[in-house]
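# Structure assessment
Here are the chains, one letter per residue:
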Amino acid sequence: MRTLTTHGLVVRSTGSWHTVLTDDGTTVPCKVKGNLRLRGLRTTNPVAVGDGVSLIRREGDDTAFITDTDPRRNAIVRRASNLSKQSQVLAANIDQAALLFTVARPETTTTFADRFLAAAEAYGVPAMIVFNKTDDLNAQEMECLDGLRLVYEAAGYPCYAISALDGTGTSELSEALQGRLTLLSGHSGTGKSTLLNRLVPEANARTAPISETHGQGMHTTTFSTLYPLPQGGGLIDIPGIKGFGTFDFKPAEVSHYFRDIFALSHDCRYGGCTHTHEPGCAVLQALKQGRLAPTRYASYTSMLSDESESKYRLKDFTT
Ligand SMILES: Nc1nc2c(ncn2[C@@H]2O[C@H](COP(=O)(O)OP(=O)(O)O)[C@@H](O)[C@H]2O)c(=O)[nH]1
Ligand SMILES: [Mg+2]
Ligand SMILES: [Zn+2]
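Let me begin by describing the structure that accompanies this report. Quantities reported herein were computed from a predicted structural model and do not represent experimental measurements.

We now examine the overall build of the chain. Helix and strand content of the chain: nine helices and 13 strands. Expressed as a percentage of its 319 residues, the buried residues of the chain come to 36%. A separation of at least 24 residues holds for 66% of the contacts in the chain among residues at least 6 apart in sequence.

Here we come to the site of ligand 1. Close contacts around ligand 1 come from 20 residues, with Leu165, Gly191, Lys192, Ser193 and Thr194 the closest. At the level of elements, helix 5 (192-199) and helix 6 (210-213) are the ones that each hand at least two residues to the shell around ligand 1. The leading source of residues in the shell around ligand 1 is helix 5, at three residues. Considered class by class, the residues forming the shell around ligand 1 number five nonpolar, eleven polar and four charged.

This part takes up helix 2 (residues 110-123). Look at helix 2: 20 Å from first C-alpha to last across 14 residues, which is about the 20 Å you get at 1.5 Å a residue. Within helix 2, burial applies to Ala113, Asp114, Arg115, Phe116, Leu117, Ala118, Ala119, Ala120 and Tyr123. On the buried face of helix 2, the contacting elements are strand 8 (96-101), strand 9 (127-131), strand 11 (181-185) and helix 9 (294-304). Phi turns positive one or two residues past the end of helix 2, at Gly124, with a value near 75 degrees.

With that settled, consider the pairing of strand 3 (residues 27-32). Pairing between strand 2 (residues 17-22) and strand 3: four bridges, direction antiparallel. Bridging from a neighbouring strand, Val20 pairs with Val28 of strand 3. Between strand 2 and strand 3, which pair antiparallel and follow one another directly, the connecting turn spans four residues, one of which, Gly25, has a positive phi of 95 degrees. One ladder, built from three bridges, connects strand 3 with strand 5 (residues 64-69); its direction is parallel. From the neighbouring strand, Cys30 faces strand 5, where its bridge partner is Ala64.

Attention shifts here to the pairing of strand 5. Note that strand 4 (residues 52-58) and strand 5 share four bridges and pair antiparallel. Bridge pairing links Ile56 to Phe65 in strand 5. Between the end of strand 4 and the start of strand 5, which pair antiparallel, lie five residues, with Gly60 showing a positive phi angle near 95 degrees.

Attention now goes to the packing of helix 2 against helix 9. Where helix 2 meets helix 9, the closest approach of the two axes is 9 Å, and the angle between their N-to-C directions is 70 degrees. Taken as axis vectors, helix 2 and helix 9 run roughly perpendicular relative to one another. Note on packing geometry: the crossing formed by helix 2 with helix 9 is right-handed. In contact with Thr110, Thr111, Asp114, Arg115 and Ala118 of helix 2, helix 9 contributes Thr295, Arg296, Ser299, Ser302 and Met303. Counted by class, the contact of helix 2 with helix 9 contains two nonpolar, five polar and three charged residues.

The peptide bond linking Arg105 to Pro106 adopts the cis configuration, its omega dihedral lying at -5 degrees. Not every positive phi belongs to a glycine, and Asn93 is a case in point at roughly 60 degrees. Relative to the assigned elements, Asn93 resides in the loop between strand 7 (87-92) and strand 8. Exposure remark for Asn93: the 21 C-beta atoms within 10 Å place this residue in the buried category. Within the secondary structure layout, Arg105 lies in the loop between strand 8 and helix 2.

What follows concerns the environment of Gly167. Here Gly167 lies in the loop between strand 10 (159-161) and helix 4 (170-177). On the basis of neighbour counts, which here come to 12 C-beta atoms within 10 Å, the residue Gly167 falls in the exposed class. It is 9.9 Å that separates the C-alpha atoms of Gly167 and Lys133, two residues lying 34 residues apart in sequence.

This part is about the nonpolar core. In a soluble, globular protein the nonpolar side chains are often hidden away together inside. Counting residues in hydrophobic clusters, the biggest one holds 77 residues, and the most contacted among them are Ala48, Ala91, Leu99, Val130, Ile236 and Val283. Of all the elements, helix 2 adds the most residues to this core, at seven residues. Once residues lying within four places of it in the same chain are set aside, the contact partners of Ala48 are Val10, Ser13, Ala75, Val89, Leu90, Ala91 and Ala92.

Before going further, it helps to spend a moment on the environment of Ile261. Here Ile261 lies in helix 7 (residues 259-265). Residue Ile261 is classed as buried on the basis of its C-beta count, with 22 C-beta atoms lying within 10 Å. Residues Ile261 and Tyr300, spaced 39 residues apart in sequence, show a C-alpha to C-alpha distance of 8.5 Å. Excluding anything up to four places from it in sequence, Ile261 contacts Ser255, His275, Val283, Arg296 and Tyr300.

Basis of the calculations
Residues numbered from 1 in each chain as written. Chains lettered and ligands numbered in written order. Predicted model: local features only at pLDDT ≥ 70, side-chain atom pairs only at ≥ 80, totals over all residues. Helix = DSSP H or I, 4+ residues; strand = E, 2+ residues; numbered from the N terminus. Buried ≥ 20, exposed ≤ 12 C-beta atoms within 10 Å, placed from the backbone. Contact = placed C-beta atoms within 7 Å. Near = placed C-beta within 6 Å. Nonpolar A, V, L, I, M, F, W, Y, C, P; charged D, E, K, R; others polar. Expected span 1.5 Å × (residues − 1). Pairing = 2+ DSSP bridges. Axes fitted to C-alpha atoms, helices over the stretch in contact; angles between N-to-C directions. Parallel < 35°, antiparallel > 145°, perpendicular 65-115°, else oblique. Left-handed = near helix turned anticlockwise from the far one by under 90°. Core = buried A, V, L, I, M, F, W, Y, C linked by C-beta atoms within 7 Å.

Here it is as structure tokens:
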């Protein structure tokens, strides 16, 4: 019997079934060849959303088999627990990450955003901030947005202000997403599904009023989905995972994950300055002089003193 071989991109991954978008544009349900499964001993899934894969399909069969995966550039990994050796690859080959940030309804805190950005730095993934629901903000909230935009642009992050609902600002955002795989993150209720539906006409992502999103389905097993963009690239939604989650870090490294603080730290008098109390600290001086946002500094010190259990470990971030 004739077999056909082809190559594609994993767009959905639900346990033992994978949906692959082949290079010639067809969508094929796939299973993984047994010998490939053995290769991913440390992860429960050797094939993840974002992986490039080789397929074989017997002529006449609806199902194909994944025979090989392309080398990964990076992988976002969730560990079952701190003690567990097993981990789950949530997404692979991410080019960039976008945080959907709502000033109000629901409120996104700067602490949350700064931790997200720090995790992105730790992964080596470029990040951007997308302020959503601009149509819904009053004058004071709009002022707050403008202030935050200045803070994050000064820290070195591209910012966009959009309304996923009415489409304001989304064409500029589209350009930044074109041709890249973007991890879309944000609290539930910030408009991820609404944005997906706007940018990917056939996404059919379920949107929910905020009241319905709380406490529902938050801890159920979640499957990542890659929504290919019409102009190339795609958006990856990992329901229930807000960004990268927390990650392991050494206190001395925290400042490396804050671009603005790291840049300032070159002028600190002492090497190994923690920027908390040292004389001649350029970070503290910038803070005092209003050149560093107090919210950024507060997030830095909160991470520095953070000893909370982490579900994510840096050493597992790339495979
Ligand atoms: N006013 C306004 N509401 C929005 C906007 N984007 C999303 N929403 C609403 O916010 C709620 C949550 O949106 P959803 O896309 O389900 O958020 P998700 O949980 O991040 O996927 C829904 O009622 C949406 O209609 C926006 O730009 N403006
Ligand atoms: Mg949603
Ligand atoms: Zn310092």
